[in-house]
Structure formats: C-alpha cells, structure tokens
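Commentary on secondary and tertiary structure
Single-letter residue listing:
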Number of protein chains: 2
Amino acid sequence: MKQFFSFLDRSVFVFIDNNSNFREEISNTLRILVATDCHLGYMEKDEIRRHDSFQAFEEICSIASQKKALTSIRYQVDFLLLGGDLFHENKPSRSTLVKAIEILRRHCLNDQPIQFQVVSDQTVNFPDTFGRVNYEDPNFNVGLPVFSIHGNHDDPAGVDNLSAVDILSVCNLVNYFGKMVLGGSGVGQITVYPILIRKGSTAVALYGLGNIRDERLNRMFQTPHAVQFMRPEAQEGVQVSEWFNILVLHQNRIKANPKNAINEHFLPRFLDFIVWGHEHECLVDPQEVPGMGFHITQPGSSVATSLIDGESKPKHVLLLEIKGNQYRPTKIPLTSVRPFEYTEEPNSLVSERLIHGGSFWRTSTRGGDVSTRTANGYVLRGVVDCGGYDRASP
Amino acid sequence: MKQFFSFLDRSVFVFIDNNSNFREEISNTLRILVATDCHLGYMEKDEIRRHDSFQAFEEICSIASQKKALTSIRYQVDFLLLGGDLFHENKPSRSTLVKAIEILRRHCLNDQPIQFQVVSDQTVNFPDTFGRVNYEDPNFNVGLPVFSIHGNHDDPAGVDNLSAVDILSVCNLVNYFGKMVLGGSGVGQITVYPILIRKGSTAVALYGLGNIRDERLNRMFQTPHAVQFMRPEAQEGVQVSEWFNILVLHQNRIKANPKNAINEHFLPRFLDFIVWGHEHECLVDPQEVPGMGFHITQPGSSVATSLIDGESKPKHVLLLEIKGNQYRPTKIPLTSVRPFEYTEEPNSLVSERLIHGGSFWRTSTRGGDVSTRTANGYVLRGVVDCGGYDRASP
C-alpha cells in the first residue's frame, strides 16, 4: 500500500516561495484533476435542466485551469483526467458539441507552460491522424491538456469506429486514449499500452481502458492472456518498479450479477491507483482494496442522471498529487451541481407525502419516473415503485 | 463594368522577384480561392463513393494552401471562400465531422503569415462566443483562413439556431458569416453587414447571405427595405466608392417558377462581384449581368449529387485576384472529381443501350434512379424517366 506523502501546510506556501525545497517539491509533483461522467447534453431539451451538465463541466474546467494566485496554488494542475461519458449521447447534437468545444477552448488554450513530458510512443497512445499529445502541436497553444477515455455513452461505433470524443481529439482539445481494438479469436484480446509521463523525478504510467461491454470484458479478464498490460521498459534514470501506475476504466463495479461487472480483483497488482468511471455515486476518497496493493477513487458523475440514492450525495472531483511513488488526494466539492435529494416513501403515501416547495408530484399508480416543477425552480423527480420497476442504469 | 487588370505573365514571376513593382503588385492584390457546395459526407455509406466529397475538398484546400514554390506562386491565396453546403447533412455524422476537421486542420493551421486585415466590427461579422476572425486568436496558428456561409443543406436549426458550420467555427477553423436573424414583422427584415478587408491599397467589402428559403427571400427582396446592405463608412484613406463589393449567396438562381428563385436583378447595383452557391453546374467564368454592373461566378459543386446534365461538366474552382477596383479570374480545374457522363436515351432503349464497362444498368420499368458498378470500378447511375419523375434538387 502506498503512503500519502505530507505536503507542507498550503497556507505557508506563499511565504516560502523562494525556498528551494518548495520549488523542488513543485517541480517533481504531478498534479492531476480527476473527474468523470460529465454527460454533456444530458436533458438538453429540458427547459430548466438543459444547462446543468455544461455548468458542472465548466466548473470542473475552471478548477483545473485556475491559475496561480498570490495566496494559493491550490488547484493549479498539470492536466485534467476524465473517466468516460463526457458526452451523454453517442451522437451529440450540434448544440452539445458547440458548447463542449467552447468550454474546452476557453479553458484549455492559453499560455500556461506545460511542465511534464509524455515519453512513450505517442503514435501508439493516440492512434489518430495526428498521433501525438495535443500540447506538442505547434499550431495550438495548449495550456491545460485533457486526457480522456470513452464511456458506454460515448463509445466508438460505426464503420470508422469513431467516438464523439474523436471529434474533440481531432480538434486537438482532448487527448483521447484507451480505445481498444479487440483482436484475436473467441473472446478477443487487448493490449493496454500506458502513456508514460515524466515530471522531474516523478514517473507515471497512465493506463486507459475505454468502456467495453461488461459481460465481454468480464470474460476476457477470466481468460488467460486476453487482457495484457504492457509495463514500461527501463528508461534512463527510472526503474520499472519506480513508475506510479494508474488505470482509468469505465465499467460496472458492483452489480447483483457478477458477470455483468468488473471485479476489482481482476486488475493486476502492479497498479497503484485506479480511477473508476461509470458508477455515478461519488466515492471520491481513495479506498484500499485489501490484498491488491492499489487504491480506487470513484469520483462519480458531475450531473445526476439516475434516480438512485447514490446520485444524491454531494458531487466532488479529485485533486491527485503524485510525487515519486506516493500520492496525496484532495477532494474538491462541485458547487454548481443542482441539489438532489432522495427519499423513499411507502407507495401508499406518495400522493400525500411528496409535497415540496408549494407543488405536488404527479403520481402514477402504474409506477415509473414522475416529475414536476415547483414555483421556486426546483425540479422534483421521483420513482413511484409499484414493484418490478427497473431503475435506469448510468 | 469592372475591367480585368493585367498581371505580368506568371511565368516570369520568379525572375523579377526582387523587382519593387512586382512586390507592390503582390502586397496590394487580395487573392481569394472560391469554391462551393462541397457536400462533405455525400454518399458516406456507399462503399465506393464515400470518399469522393472529401477527396475533392482535400484538393481544394491543397490548392489554397499551396505554398510559394521556386517556379510559381500561382495558387498562393490569402483565404478560401466557400459558398455554402460544405456539409451534405444538416447533422453530419461523427465520421464526416472528423474528416472535415482533419482536412481543415492540416491545411489551415501553419506558419504562413496573414497579409490582410479585417477592419470591420468583428463581433458583428462573427457573432459567436469568440466574436473575431480566426487568425487573430493568439492560441491558434491560422495560416489559411476560410470564410463560409451556410447553404440549404447545412442551414441553422434547433433551439440554438446552430449550423454544422458552427461546429467548425467554434473549433476556430472556419469564419462563419452571413447567418441572418430574420427580424421585423410579416415577411421579416434582414441587414447584411460586410466583412471589411484591407490588403495594402485594396479594400474589399465581403457580404454574406446564408441560405434562406427561396420563396421567403424572394418576397423579402420585393418588399421595400426588407433586405438592407450596409455600406462601409468612409475610413482613413478609403472612400466608400473605392470598396470592391462582393456578395456570396446560396440560392436557386434559375427555376421554372420565378417565385422559387432569386432574380439577379434583385441584387443591389453597388455590388461588383457575386459568388453564387447552390447551383451545381460549374459556370465558373464570371458572367456580366447587363445593366447591373456586376459579374457573377457560379463555381458549382465539387461533387456531383444530382443526375443532371449540369453536373457532368468539368468541375472548377476560381482564383479571384482583386487589386483596387479591378479583378482577374483564373479558373482552376479539379482533377480528383469522379468523372460523370450524362446521356439521355429513349426509354424503350434503356435496357439495350446502357451498357458500359462490361456491366449493365439495372433498369426499372417504373422509372427512378438506378445504378450499378462496373468491373473496373466506375459507378453507373441513371434515371429511367417514364414521365413525371422529379429529379433531385441540389
């Protein structure tokens, strides 16, 4: 198990700005903002909630692109890492694409210097036409790189096997990685090559595994050699054991049916840290998996798309600071997310009890998703569960 | 009527490269490559023809971005001007968007210096979030600016009134202009503000009018003050009369029903040059409109989308060079366009006569569009016209 390393108290950062220890600390610490499941375009036709997904993404990008202030460098990050389902729809509307690109362009393009290097074969990591990490393209001023895998909502499809994330990639606004080509016969075979990142003395191997149908990936993990994680070769000054290994994936984590989810114990033990996308409940504090040697963060969605208790918990993103083979997590609350409260009421009481903000639920004796709007702009949604109702999956 | 000005013979350009007259000529001459109706994504599901629209657009961009060579500066242009229907579909597929952005990114982003200025209020010309001409954004290296209006295929729609061209605009790859907001009551009212362009002593006012339903625009043109073209105010060193006035529009030009087309005589006489999009027949050589004082070029589509005789003529784009109030047109053939031959045969002879390349037409006694592929890769298409068949409009 990795230990959290202790940073100096941030409140004294400003006062020791000329201290060489501090500068050494900064230049060797990779700072990543981690978020997932932004579901851009969710409810885009709803009069009230159409802006929700964009507001949350705007807030995430603002946190990531926040520049060094006199009194704090709290959120100044090297890059933003996304765990899939950036888009809610496989074919986002023009409006959603325009808004997504607009937000990324405003936050990611600037003069901020990039203080890390990608030292792996970029044509393997980013196998599109341009084949390199976006900040190295001399025709763009990328100040905030974004790395993203795809989720199940924005997975690649069609003759060209393109995801909506490919549109952001060809715009040079997102470094899209983790798209697998399922080779081999039978269950298939995939090889996951890491993006190798260096910042000073810190070396991070970033593995991405874009969403694959859970049943299939489950079978693959249980088939010898079907899922291969390539380890970095020994590089100048870095032993294989010194890489801090991160995996980003977007799969079911816990399900009643274990064939329809990925068991944490399937993952290789050399990994140090897992970013688990797809599950919308915010369990952002890294949890140790006993006996596996890695920690898992599950940031959860930045917009509630399912009527489940998990979505009602406060939403956060994670500031992940890595120095050498230690890391420190800091959870950052998202303040722009529409409040969501979840209660369960006995069915017979629905029409009597669900009175809120001066308005009533529309109820249905057949069960299902019901919603109404209150005079003060809150949106009330509910499930009338008459038994057998299958709640929407993320 | 404007006179064509005489350039020195291009073949001697290299030899007089140090000649001050030549340099003065170059620095005062605005060079525009004009194309239209590229219909990106046309037939994208057809096994053979899916690449056609992209190949032609690639060729157009290659001509526009061709750099100064030792022996010729023939096609080195200041910008590319498109007359609408860049996309075939109102909601282009992921694949079409990715390919379009890829082509534009490869050709438009480079270190080529921009040698003209946009001196009008850019927030009026480009009223999107960023509100300025793309090469002025310091975060992009734009070497080949593209200016485009929308056509009837990629016209704005939806709650946000967005066109597919807006996606290219927010990517900063295209300067999208000529989107009108139809104000006023009844037939509506539009005001067309020009993009004012200066290059040395040459001043060009570029008016754009994205497609409006023909019947409506026809009525507007016949309603007093419903269509207003704003003239530039006198600027330092340029009188109003010295601006060379170009209009780009995308409408039916000639139709059996005059209510469903725009009569050339509707257009204001202060215009000097018209780029007419939408009509697919290549009539690229500028034609004078008697009594109106302007010339019209109709470049035609770069991919054949209709089974009409006009589409079978060789496709061209236009190099338009403007110096002061004179211009010189040079038509440039497109060599990548799939050959298209058009013949009409008496109906009774269809099945006997349309034999080509070792293959036969599939024919239909009910009439309609028929096609087949020959052994050598040619695509044969035809209309079996049994009377009353309405040929596809562009």
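Structural notes, computed from the coordinates. (Residues numbered from 1 in each chain as written. Chains lettered and ligands numbered in written order. Predicted model: local features only at pLDDT ≥ 70, side-chain atom pairs only at ≥ 80, totals over all residues. Heavy atoms only, no water.)

In this section: the interface of chain B and chain A. Contacts between the two partners involve 35 residues from chain B, matched on the other side by 34 residues from chain A. Taken over both partners, the interface formed by chain B and chain A buries close to 2,900 Å², and the fraction arising from carbon and sulfur atoms is 59%. Per-residue buried area on chain B facing chain A is highest for B:R94, B:R105 and B:N139; these three make up 30% of the total on that side. Between the two partners, chain B and chain A, sit 6 salt bridges. For the salt bridge of A:D137 with B:R105, the shortest nitrogen-to-oxygen distance reads 2.9 Å. Broken down by secondary-structure element, the contributors of at least two residues to the side of chain B that touches chain A are α3 (94-108) and α5 (164-170) of chain B. The greatest single-element share of the side of chain B that touches chain A, amounting to 9 residues, is contributed by α3(B). Partitioned by chemical class, the residues of the side of chain B that touches chain A number 14 nonpolar, 10 polar and 11 charged. (Contact = heavy atoms within 4.5 Å. Buried area = accessible area lost by both parts, 1.4 Å probe. Salt bridge = Lys/Arg side-chain N within 4 Å of Asp/Glu carboxyl O. Helix = DSSP H or I, 4+ residues; strand = E, 2+ residues; numbered from the N terminus. Nonpolar A, V, L, I, M, F, W, Y, C, P; charged D, E, K, R; others polar.)

Here the focus is helix α2 (residues 52-65) of chain A. All names here are of chain A. The end-to-end C-alpha distance of α2 is 20 Å, a good match for the 20 Å that 14 residues give at a rise of 1.5 Å each. For α2, the buried fraction is high: 11 of the 14 residues fall into the buried class. Among all positions of α2, only D52, S53, F54, A56, F57, E59, I60, C61, I63, A64 and S65 are buried. Summarising the contacts, the buried residues of α2 are in contact with β1 (29-35), β2 (79-82), α3 (94-108), β14 (316-323) and β15 (326-333). (Expected span 1.5 Å × (residues − 1). Buried < 20%, exposed > 50% of the residue type's maximum accessible area, 1.4 Å probe, protein only.)

Right, let's get into the state of the cysteines. Tallying each qualifying case throughout the model produces 0 disulfides over all chains. The thiol sulfur of A:C108 is not disulfide-bonded, and the nearest other cysteine sulfur, from A:C61, lies at 5.5 Å. Given the relative accessible area of 1%, A:C108 is considered buried. This cysteine, B:C282, is not joined by any disulfide, and B:C38 carries the nearest cysteine sulfur, 12 Å off. (Disulfide = S-S within 2.5 Å.)

Glancing now at the sheet that holds strand β3 (residues 117-118) of chain A. A sheet is described by the order of its strands in space; here 7 strands give the open sequence β3-β7-β8-β10-β11-β13-β12 (chain A), paired in mixed fashion. With one partner strand each, in any of the chains shown, β3 and β12 (283-288) of chain A form the two edges of the open sheet. (Pairing = 2+ DSSP bridges.)

Bringing the relation of the copies chain B and chain A into the picture now. When chain B is brought onto chain A, the operation consists of a screw motion whose angular component is 180° and whose axial shift is 0.0 Å, with 0.0 Å RMSD remaining. When the rotation and shift are considered jointly, the pair of chain copies conforms to a two-fold rotation axis. The position closest to the rotation axis in chain B is occupied by the C-alpha of B:F140, lying 2.4 Å away. The overlap is high: 97% of the interface residues of chain B also sit at the interface in chain A, so the same surface is used on both sides. (Least-squares fit on C-alpha atoms with pLDDT ≥ 70 in both.)

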